[in-house]
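Coordinates in review
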Amino acid sequence: MNAAMNTRSRGAAVTGIGVIAPNGVGTDAFWKATREGIPCLDRISREGSEHFPVRVAGQVRGFDPGSVIEERFLVQTDRFTHFAMASADLALDDARLPVDDMSPFAVGVVTAAGSGGGEFGQRELQQLYGKGPRHVGPYQSIAWFYAASTGQVSIRGGFKGPCGVVANDEAGGLEALAHARRSIRRGADAMVAGATEASLAPYSVVCMLGWDELSRARDAGRAYLPFTEDACGFAPGEGGAMLVVEEEGAARRRGVRIRGFIAGYGSTFTGASRWERSREGLAQAIRVALEDAECAPEEIDVVFADALGVPEADRAEALAIADALGPHGTRVPVTAPKAGFGRVHCAAPTLDVVAAVLAMEHRVVPPTPYVTDVCHDLDLVTRSSRPAEPRTALVLSRGLMGCNAALVLRGPEGDY
């Protein structure tokens, strides 16, 4: 009993945020665009990917990895890991984590990724078939791999604490943060956690074409319209976010700003593309997360929706929110900022977590871009931000392979 109480007393505080997203590089730029509902979906312009059936995506612009990452790391890593290293740097700077004064075994890293290093892998395979095996670089063995970001962030930062990689579908972004929380409870002082993706290289896009849920719309304004009668799937995106999750007591002792708390998590599995079944699975994940957070349904002040943009999936999500939150589920503000910059696979819920933390900080609920007419019984925030006093947020995610996840966040003024 005492051990359990000590474990629960090790709160998981978010003290640092780093973002590389289609709608902004850096937390301030990301939040400004998210708060104002500025959409940035556009025709795919990545070389080799312009003429595939999927035409619209959220692309990161204005990001020069060479300006922030050392050459020796650049040559052995893919774009998705460039995003991870750069956003980890931003998060560590934001947290002002005194890593030089900490034991390297006290800081760990956990990431999630669904697409891996497609750009790097494609380039090396072209070398293999075009010139022969002697022209394939040695880093082909690691750069494409889903674990690359965890490995490179930990090596570059000198972090030797509990490190991990979440092998999951899109819901893996929330699982990475839940894993970080578990590591804090088990004794780690800090975790660098999150998810980044770079899925717009030709090879990666081809891998996505088998998904019926992927939008084929040619007009950016019609490509991703969750919770509407015109919903036709989701537009993909790239980028992501990393967070510093720190043991609450340590954060308070060093006087750093606490931006929020990871308070509860729940997950279930209902099978690939079985969207009607996801209603029950997502509702159960929400209930588990609420119980874990010791949070009543009516305490939820805002929901950041999964918002797949598929009619059956959207209906299941709306019903799951009502099932889990009761009458409060049709009254609580719901939002899906990702509609404006794309569904960034595993990084989509991680960006939602960042937006939720910032929404609680700035006392406003950001809107769902492009969406105007809602056809489900949800209080979906559209057109413009809504002033509010959110202290507790619920972030939802479902993967195309069938995972359902829910994460409860509390603001720094909330009771943990």
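Computed from a prediction, not measured in an experiment: that's the story for all the values here.

**Side note on the environment of C295**
Along the chain, C295 turns up in the loop between α11 (275-293) and β10 (302-304). Take C295: its relative accessible area is 7%, and that puts it in the buried class. C295 sits 74 residues away from P369 along the chain, and the two C-alpha atoms are 29 Å apart. Residue contacts for C295: discarding those within four places in its chain leaves L290, I300, T392 and R410.

**Considering the environment of R363**
As for its placement among the helices and strands, R363 is situated in the loop between α13 (347-362) and β12 (364-365). Sequence separation between R363 and V68 is 295 residues; the distance between their C-alpha atoms is 32 Å.

**Some details on unusual backbone geometry**
Here the phi dihedral of E294 falls at roughly 55 degrees; this positive angle occurs in a residue that is not glycine. Relative to the assigned elements, E294 resides in the loop between α11 and β10. By relative accessible area, which is 61% here, E294 ends up exposed. Its identity as a non-glycine residue notwithstanding, A307 has a phi of 55 degrees, on the positive side. Along the polypeptide, A307 turns up in the loop between β10 and α12 (311-325).

**Topic: the nonpolar core**
Within the largest apolar cluster, 50 residues are counted, with the highest numbers of intra-cluster contacts made by F30, V353 and L409. When residues no more than four places from it in sequence are discounted, the contact partners of F30 are V19, A21, N23, G24, F341, L351, V354, A355 and L358. A285, V310, A406 and V408 belong to the second largest nonpolar core, which has 49 residues in total.

**Things to note about a nonpolar patch on the surface**
On the surface, a nonpolar cluster with roughly 350 Å² of combined accessible area is contributed by W144, F145, Y146 and V165. Inspection of the secondary structure puts F145 in the loop between α6 (140-143) and α7 (148-157). Under the relative-accessibility criterion, F145 is labelled partly exposed at 40%.

**Focus: the packing of aromatic side chains**
The final tally for this structure, using the stated rule, is six aromatic pairs. Taking 5.4 Å as the distance between ring centres and 45 degrees as the angle between the ring planes, the aromatic pair formed by F63 and F83 counts as tilted. One end of the pair, F63, is in the loop between β4 (56-57) and α3 (71-74); the other, F83, is in helix α4 (residues 79-95), with 20 residues separating them in the sequence. Seen from their ring centres, W144 and F145 are 5.3 Å apart, and the 65 degrees between their planes marks the pair as edge-to-face. In this structure W144 comes out as partly exposed when scored by relative accessible area, which is 35%.

**A word on the packing of helix α2 (residues 27-35) against α13**
Interhelical geometry of α2 versus α13 gives an angle of 80 degrees and a closest axis separation of 11 Å. Of the possible angle classes, the one that applies to α2 and α13 is roughly perpendicular. On the side of α2, the interface is formed by T27, F30, W31 and T34, while α13 contributes L351, V354, A355, L358, A359 and H362.

**Here we look at the pairing of strand β5 (residues 107-112)**
The side chains of a regular strand alternate, first on one face of the sheet and then on the other. With six of six residues buried, β5 lies mostly within the body of the structure. Along β5, one buried face is formed by V107, V109 and T111 and the opposite face, lined by G108, V110 and A112, is buried too. With six bridges connecting them, β5 and strand β7 (residues 190-197) associate as parallel partners. Note that in β7 the partner of A112 across the bridge is A195. Where β5 meets strand β6 (residues 164-166), three bridges bridge the pair, whose relative direction is parallel. The partner of V110 across the bridge, within β6, is G164.

**Concerning helix α5 (residues 118-131)**
Between its first and last C-alpha atoms α5 spans 19 Å; for 14 residues at 1.5 Å apiece the expected length is 20 Å, and the two agree. Along α5, the residues that are buried comprise G118, F120, G121, Q122 and E124. Contacts made by the buried residues of α5 are with α6 and α9 (202-208). Downstream of α5 by one or two residues, G132 has phi in the positive range, about 115 degrees.

**Brief notes about the UniProt feature "domain: Ketosynthase family 3 (KS3)" (unreviewed entry) in the chain**
Mapped onto this numbering, the UniProt entry annotates "domain: Ketosynthase family 3 (KS3)" (unreviewed entry) at residues 9-411. Across residues 9-411, the secondary structure splits into 34% helix and 20% strand, with the terminal C-alpha atoms separated by 17 Å.

**Some thoughts on the state of the cysteines**
Enumeration over the complete set of coordinates arrives at zero disulfides. Not engaged in a disulfide, the cysteine C40 finds its nearest cysteine sulfur in C232; these two sulfurs lie 17 Å apart. You can see C375 has no disulfide; the closest cysteine sulfur is in C232, sitting 13 Å from it.

**Comments concerning the pairing of strand β15 (residues 392-398)**
β15 sits mainly inside the fold: seven of its seven residues count as buried. Burial along β15 is two-sided: T392, L394, L396 and R398 and A393, V395 and S397, pointing in opposite directions, are all buried. In the sheet, β15 pairs with strand β16 (residues 403-410) via seven bridges, with the strands oriented antiparallel. Following the sheet pairing, V395 is matched in β16 by L407. Adjacent in sequence and paired antiparallel, β15 and β16 are bridged by four residues, among which G402 carries a positive phi angle near 120 degrees.

Definitions and limits used
- Residues numbered from 1 in each chain as written.
- Predicted model: local features only at pLDDT ≥ 70, side-chain atom pairs only at ≥ 80, totals over all residues.
- Heavy atoms only, no water.
- Helix = DSSP H or I, 4+ residues; strand = E, 2+ residues; numbered from the N terminus.
- Buried < 20%, exposed > 50% of the residue type's maximum accessible area, 1.4 Å probe, protein only.
- Contact = heavy atoms within 4.5 Å.
- Core = buried A, V, L, I, M, F, W, Y, C linked by side-chain atoms within 4.5 Å.
- Patch = residues over 30% accessible without salt bridge, like charges linked within 9 Å, V, L, I, M, F, W, Y side chains within 5 Å.
- Areas by Shrake-Rupley, 256 points an atom, 1.4 Å probe, with all protein chains shown as cover.
- Salt bridge = Lys/Arg side-chain N within 4 Å of Asp/Glu carboxyl O.
- Phe/Tyr/Trp six-rings, centres within 6.5 Å; stacked < 30°, edge-to-face > 60°.
- Axes fitted to C-alpha atoms, helices over the stretch in contact; angles between N-to-C directions.
- Parallel < 35°, antiparallel > 145°, perpendicular 65-115°, else oblique.
- Pairing = 2+ DSSP bridges.
- Expected span 1.5 Å × (residues − 1).
- UniProt positions renumbered as here; feature names shortened; annotations may be inferred.
- Disulfide = S-S within 2.5 Å.

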